[in-house]
Amino acid sequence: MKAKKHMTIKAILLFSCGIMSLQAQINPGVYISDTENTIHELKISENYLTHTVYEKSPAKFIKTVGGFPQHEDNRLVVLLEFNSNYTQDSLRQLSVPFKMEGSNLILELESSVQFNPIPKLNQELDGQWLFGTRGPDEGQERRGDSQPRKTLKYLQDGRFQWIAYNTETMQFHGTGGGSFTSTDGVYQENIGFFSRDNSRVGAQLTFEYKIMGNDWHHQGKNSKGEPMYEIWMKRE
């Protein structure tokens with residue numbers, strides 16, 4: 001009887017530890033905080049995270065960071081690949097207390113910020129992509145993950161962001177993002193923030209796309225109206 005009771009208590013403790021472990025995890029997805037005209041947008045997957053802050057009206061980009069996340073007890077620790085404020089704060093790693101309240105995420109930043117998850121939306125181009133080369137593909141050398149100078153596109157739940165940066169120097173070259181759709185070979189972006197030119201916010205860009213193996217062939221006109229052909233490589 002005592003052995004049975006001991007096993008029952010052990011099972012309860014293991015179950016409780018499991019619940020605590022689950023509570024200390026952030027479910028993959030896109031989380032938004034929209035307070036007094038300031039947007040915090042957090043995209044997080046099992047292996048990557050971006051956090052961007054911008055204002056809606058008038059449009060104003062504030063900052064962005066991104067990198068590789070892990071959970072340590074009640075802290076979100078991120079080894080940064082890019083940091084738009086690096087010249088001011090020299091940060092290459094973040095350690096942010098967090099907690100979950102239902103499906104909402106609370107991050108203790110400069111102040112407590114509540115993020116609400118947006119609805120899930122699976123599309124063909126979801127994931128992380130690194131710029132490889134200008135098309136068409138004629139066997140030319142690609143940039144990819146082996147070079148410190150990178151341009152990343154991160155698409156998740158109908159939200160996109162591109163970021164240009166250098167992982168060695170932490171130099172930040174620019175970012176833009178917003179909402180997107182990818183259906184039947186047509187990729188459309190609706191720009192919600194743009195670090196290089198706030199006046200571009202609100203623009204809608206439409207491209208043709210084709211998936212060829214692990215490559216995304218991307219054709220159309222850029223934000224300046226110039227023709228472009230890019231090849232992006234799936235980041236695993």
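The rules behind the values
Residues numbered from 1 in each chain as written. Predicted model: local features only at pLDDT ≥ 70, side-chain atom pairs only at ≥ 80, totals over all residues. Heavy atoms only, no water. Salt bridge = Lys/Arg side-chain N within 4 Å of Asp/Glu carboxyl O. Helix = DSSP H or I, 4+ residues; strand = E, 2+ residues; numbered from the N terminus. Buried < 20%, exposed > 50% of the residue type's maximum accessible area, 1.4 Å probe, protein only. Polar contact = N/O pair within 3.5 Å; in protein donor to acceptor, adjacent residues only side chain to side chain. Pairing = 2+ DSSP bridges.

Turning our eyes to something else, we now look at the pattern of salt bridges. Pairs can form between side chains of opposite charge once their charged atoms are near each other. Following the criterion strictly, the structure yields 13 salt bridges and no others. Of the charged contacts in the structure, one is a salt bridge between Glu 81 and Arg 235, with a shortest N-O distance of 2.8 Å. With Glu 81 in strand E5 (residues 75-83) and Arg 235 in the segment after strand E16 (227-234), this residue pair connects regions lying 154 residues apart in the sequence. Glu 189 is the salt-bridge partner of Lys 153, the closest N and O atoms lying 3.2 Å from each other. You can see Lys 153 sitting in strand E10 (residues 149-156) and its partner Glu 189 sitting in strand E13 (residues 186-194), a full 36 residues away along the chain. Classification of Glu 189 as buried rests on a relative accessible area of 6%. When salt bridges that share partners are traced, they join Glu 81, Asp 145, Lys 150 and Arg 235 into one network.

Here we take up the environment of Glu 110. Summarising the element assignment, Glu 110 is placed in the loop between strand E7 (104-108) and strand E8 (112-117). A relative accessible area of 69% means that Glu 110 is categorised as exposed. Through-space distance from the C-alpha of Glu 110 to that of Val 96 is 9.9 Å; in sequence the pair is 14 residues apart. Here Lys 63 takes part through its side chain, which lies 3.4 Å from a polar atom of the side chain of Glu 110.

A word on the pairing of strand E15 (residues 215-221). One ladder, built from 6 bridges, connects strand E14 (residues 204-212) with E15; its direction is antiparallel. Note that in E15 the partner of Phe 207 across the bridge is Gly 220. The turn linking E14 back onto E15 is made up of 2 residues, and Gly 213 within it adopts a positive phi angle of 65 degrees. Examined bridge by bridge, E15 and E16 share 7 bridges and lie antiparallel to one another.

The next subject is unusual backbone geometry. Between Ser 57 and the following residue, Pro 58, the backbone shows a cis peptide bond with an omega angle of -5 degrees. Mapped onto the fold, Pro 58 is located in the loop between strand E3 (49-55) and strand E4 (60-72). Residue Pro 136 is bonded to the preceding Gly 135 through a cis peptide linkage, with omega at 0 degrees. Inspection of the secondary structure puts Pro 136 in the loop between strand E9 (127-134) and E10. The backbone of Ser 90 sits at a positive phi, close to 60 degrees, despite the residue not being glycine.

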